[in-house]
Every structure is written in structure tokens, then in C-alpha cells.
Amino acid sequence: MISATTAPARAVVPDRWARLLPWAGWLVFAALLAVPLVVSSRYVVYLGTLLALQAGLATSLNLIIGIAGQFALSHAAFYGIGAYASALLIEHAGLGFWASLLPALAIAGVLAAAIGWPALRYTGGIHFALITFACGELLRLLAANWDDLTGGPQGKRLPYSPEPLLGIDFSSGQGMYVLAAALLLLTLGVVAAIRWSRFGRALVAIREDEVLAASLGIAVTRNKVAAFVASSMLAALAGAVYAPFAGFISPEMMSTGESVAMVGMLIVGGIGTLGGPIVGTLIFFAVPEFLRVAKFYRLVILGVVIVVMVLFLPQGVVGLATKFRRRRRASVAEAS
Amino acid sequence: MWLDIVQTASDGLMVGGLYASVALGITLVFGLVGMLNFAHGQMVMLGAYVAFFTTAAGLGFWVGLGLAIIAMALFGALLERAVFRRTLSDPMMGLTVSLGLIMIIENLAAAWFTPDPRFMEPPLSGDVRLGPLVLSSQRLLVMALTTALIGGFYLFLKATTLGKAIRAMAQNRQGAALVGVKVTRVSAVIFAIGSGLAGAAGALYGSLFAISPFMGTAPLMKGFILAAFGGLGSVPGAIIAGCLLGLAESFGSRYLSASFRDGYGFVVLILTLLFMPNGLFGKRKARV
């Protein structure tokens, strides 16, 4: 009350800025998305494609962790499954890239349901986290040891690129970038649509309190499994796009370390928010990329950034901006 | 045939003891205090390096082992104070913080110690012959040392006041606080003990296998598997689970497939979690 009477003028001006903050954020995002289309430097296009894919991956992980509150550590494994399934279908079944996507997604979806159904019956994150962790590692070991099919731990070279579609040639760097950006936008769209649907509201209710959600008539396990399947399928889609972009896949991309790093991106960016995974990905990849110091020290600095952010900014960058905006709005409402 | 089985079993128990000493630290820190420290594996790595440099400086393996335990216990106490105490409310925070810590520790180690693998001079060499059995002396020594470590720790839990306080906290954190256990301080001690155990495990690992800045991942994963398998917070659970996993791995790789060695643990873990969600000895409250 006191602050409201003493500083109303100061509160109003930042409020206008604060309300613009998310719009400004998305504007910057749109501008960043357009950069690799305008600047044709190979490095910029390459980095843009990588960032778009990683941001898509983090956004899809946000669906199960941020919105549904279930701690999945198998995301990298499904990313790899998408890549391997699509590549193997193209190589052995003679399918085209686009035709391979649907069966690859179906494989990932069935696997996710098979893992999620028994694992998600339990309340409390640790069982699900450990089971997905173990399943993810098993899948990686399978990819590394099934030499005849996957090419073993050395990985697999992939000579193909997606067939032209809508007049876009995907064999060029910029063509792949368009595909990766489209994947990111699609993932964002799907996650946003889920978030503000009945399904998404049920997931948020489950995240906040499973018992309460169940008492309201929400089928808790079924909703959790559906969220896990959707999230894993989106990861597999990102993997299928990654395969022709990198031209090389190996079981390394499925390691649990990668999944844990994705969780880190979510928390740094702001878990459960729409923009958070993108901001987190940018911090994770852009900070080391632009720090021109020796290889090991870049990661050290990134580690320091993560520790400091988690200790002093636990809601993440986007979470902090949201909170700032809400508080401003509240104090203005009080003043008027 | 029988010879082979006994040989495989003794190998399994030896590795199992190492696993158990890592798992003990994790089950204590995560199960009792509720701090999710993924950087536990990096403590194993640092412990191995401490032992390596001490041995290389000519002070011998035993000084190295002692220094590794003390250094890691101090480092653990420092980490608990500076970082993990602030993440108590949210295990997710603990996970992310330890992810950052792993990056810092691993890459600093890689920059300072170079990423090349190193090999430590073991204090014992040669084999011991027990009738037709051939056992490596160093492996026997490691087995004896892990047994001594675990046994000593068990005595500490059973016989000392501090050990009693830890057991009280394991049963009921609030109840322990009500009867005068200084929960925060005991938590710090548990963290330091867990880290010291990791340091000891590191020194022993280093006497058998190659030492490199990225060696911490495998013991960490196994430690988490075992902590869950044995029941979070259960000391006998972690020990028995460690031995069982060691046996499963050595028999699996001897008789099934060696390249899938790390997979057997995961199969065990998945089955346990599905059919015995609280682990072998876990209490019903085992959850985050």
C-alpha cells in the first residue's frame, strides 16, 4: 500500500514495458528465425538448424516435464529412435523420407506407451524418472550392440536428403534449415494447442495434485501416458529430421547425459512456459558457441552459468519475466 | 565348470563391493537427506585423481587412499554448504545444479589433468592361488578394503551417537528434529560421509581401471540403479544390491554377452521398479 501511494508514476511506466515483454520476446524469436534465411553463411545456417532442432526437442520435453510434471529421462533415446527408425526404413524398406516419418513416429509412440503405461501408474516422480532413465540407456545399448541393423557404436553414415516438397530443395543447407524451423514451429504449435486444451488443463491439474485431479474425474494415468507418448513422438520427429541434416547418426545421441542436459535447458529457460525451452536452448548452445575460449573452459563457464541461475533464478529466465510482469500488474491494480 | 562359476562369482563380488560403496553414498545423500547429487560420480573421479597424484608423488597407495577420502569429504562438505543446502526444497533443482557442477568439474579436470587415461601403480601385483583358483591379489585387496569400509561404516551407524542420529533421521526426519537431532548438521555430515565413500571408491577404482576425467558416469549410473534397487535410504539394501549387480554383470557377461554388460543392471532395475517399487529394503514412503 505504501509503495502504491508513493510511487504510482514509477509503477505505470515499467508496467507498459513489462506488458510488452513477451511480445518483444516472440518478436526477437521471429527475427532470429529469419536470420539464417537472409544470411547465407554456412556457419550461421548450420548453427540455426542445430538450434532450431534442439529448441524443438526441448519444447517437446517441456510437454511431459513442464506441463504434465512427469520427470522423463528418456527423451534423447526417443530422439535417437526417430533418427534410426527413419534412416533404417529408408535404407531397408525403400521408403522415401516423408513416407518414413509416419511409421517411425508410430514405432516411437508404441514404445513410449509400452514404457509409460507400467511406469506412470505410480505417483511421485522418482519411479518414472528411474524407469525412463533405465529404458533410455537400454535402448542406447541396443543401438550400440545390434551391429547388423544399426551399424554399432561407430554410428552410421546417411547419404540421403528429403525429397523436394512445395518447391523447396532440402539437399541444400538452407533447405534443411527451413525444415528444422518448420519442425520447431510445429512442435511449438502442438504444445501450445495441448496446453490450452482440455487435455492440457487436465495435465496441469495432475502436475499440481494427482489425488485432487483424480477426485475431479480426470483419468490420471491415461492422461500422463498420453502426454508421454505425444512428447516422445515429437522427439522422434526431431530425430528423423536431424538424421539427414547431420548425415550421420550414432548411439551417442541417445545417451542419458543428453536427456539430462535437456532438462537443464528447460530449467534454465523456465520450466512449464512456452518460451522457456527456446531461451534455455539459446543459452545452452549460444553461450559456449560465442565464447571464444579454450574448449574445456567454455563448458566450465556454462556450468557456472547453470549453477548460478538455478540457485538465484530458479524459475528460469522466462519465469522471472512472467513473475515481474504479474507483480507489476498487481501493484498497478492496487494503485488505481 | 564349478571352477568357472566360483571364479566368475568372485569377480562379481569384487566389482559389486565397489558399486556398493558408491551406492551407499547415493542412498544416504538422496534417500535420507533428499539431495539429488548427480555429481557424485565426479567425486569418484576426483578421488581417483587424488590417489593417482599422491601415488605418483611417491607417497604410496595407502596415503593416497586416505587423502582421497579426506579430500572428497571436505569437498562434499563445501558443496553441501555452498550449493545443495539451497536446493533441498526441490530435487529438480538439485539435478540441474549437479548438471552444472558436472560440467565444471569434468571440464576443469580435463583441462588441468589432460583427457588422456592414466594408470596407477597398484600396491599389490601378481596372483594368489587357492587350489585351482587364480585370483588377482589387487582385486582381493580391493574386495577386502570395500568390505572393511562398508563394515566400518555399518559399525559407525550402529554404535555411535551420530550414527544413531542418522538412523533416527532415516525413520522420521521431523521426529528426529523434535527429539533434538540437529537435522541440518547431520545432513551435512551425511553428505560429507557419502562424498568420502565416493573418494575411497575412486581410489580403489583407480587401482584397477584407467583414470580419466570422464570416468565418473558409469559408477554414478550404477550407484543410482543400486540405490533404487536396494530401496532409497536403506544401507543394507545398497550393499546387497551392489553385490547382486556385480554378480549379475559378471555372470551375464561370462555366459550371455559381454558387450551388453552394462545392460543387465538396467534390466534388473526396470524389473525391480515395476514389481517391487520400493526396492529390496525400501520403506513404503520411498519417493521424492
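Look above for the structure.
Structure report, in brief.

Considering the overall build of chain A
When helices and strands are tallied, chain A shows 15 helices and two strands. The 336 residues of chain A split such that 49% are buried. Long-range contacts, defined as pairs at least 24 residues apart, comprise 76% of the intrachain contacts of chain A with a sequence gap of at least 6.

Some remarks on the overall build of chain B
On a plain count of helices and strands, chain B comes out with 11 helices and two strands. Scanning chain B from its N terminus toward the C terminus, one meets helices and strands in the order α-α-α-α-β-β-α-α-α-α-α-α-α. Computed over the C-alpha atoms, the radius of gyration of chain B is 19 Å, within 12% of the 19 Å expected from 2.2 N^0.38 for a compact globule of 288 residues. Dimensions of chain B, computed from the C-alpha atoms along their principal axes, are close to 60 × 45 × 35 Å. A total of 288 residues make up chain B; the buried ones form 54% of that total.

Observations concerning the interface of chain B and chain A
Counting from both sides, the interface comprises 30 residues of chain B and, opposite them, 32 residues of chain A. With 14 residues, helix 4 (residues 91-113) of chain B is the largest single contributor of residues to the side of chain B that touches chain A. For the side of chain B that touches chain A, the residue count by class is 22 nonpolar, five polar and three charged.

With respect to the nonpolar core
Residue and element names in this part refer to chain A. If you look at the biggest cluster of nonpolar residues, it comprises 204 residues, and the most contacted ones within it are A108, A180 and A236. Here this core takes 17 residues from helix 11 (residues 220-246), the largest share from any one element. Not counting residues up to four positions away in its chain, the partners in contact with A180 are T49, A52, L53, V241 and F245.

What about the pairing of strand 2 (residues 133-136) of chain B?
Taken residue by residue, a regular strand's side chains alternate between the two faces of the sheet. Residue and element names in this part refer to chain B. Of the strand pairs in this sheet, strand 1 (residues 127-130) and strand 2 are connected by four bridges, and their pairing is antiparallel. Across the sheet, residue D127 finds its bridge partner in strand 2, namely S136. Connecting strand 1 to the antiparallel partner strand 2 that follows it, the hairpin turn spans two residues, and G131 within it adopts a positive phi of roughly 60 degrees.

Concerning helix 12 (residues 256-269) of chain A
Residues and elements named next belong to chain A. When the terminal C-alpha atoms of helix 12 are compared, their 20 Å separation across 14 residues agrees well with the 20 Å that a helix rising 1.5 Å per residue should span. For helix 12, a buried count of 12 out of 14 residues is recorded, marking the element as mostly surrounded by other parts of the structure. Along helix 12, the positions that sit buried rather than exposed are T256, E258, S259, A261, M262, V263, G264, M265, L266, I267, V268 and G269.

Thresholds applied
Residues numbered from 1 in each chain as written. Chains lettered and ligands numbered in written order. Predicted model: local features only at pLDDT ≥ 70, side-chain atom pairs only at ≥ 80, totals over all residues. Helix = DSSP H or I, 4+ residues; strand = E, 2+ residues; numbered from the N terminus. Buried ≥ 20, exposed ≤ 12 C-beta atoms within 10 Å, placed from the backbone. Contact = placed C-beta atoms within 7 Å. Rg over C-alpha atoms; globule rule 2.2 N^0.38 Å. Nonpolar A, V, L, I, M, F, W, Y, C, P; charged D, E, K, R; others polar. Core = buried A, V, L, I, M, F, W, Y, C linked by C-beta atoms within 7 Å. Pairing = 2+ DSSP bridges. Expected span 1.5 Å × (residues − 1).

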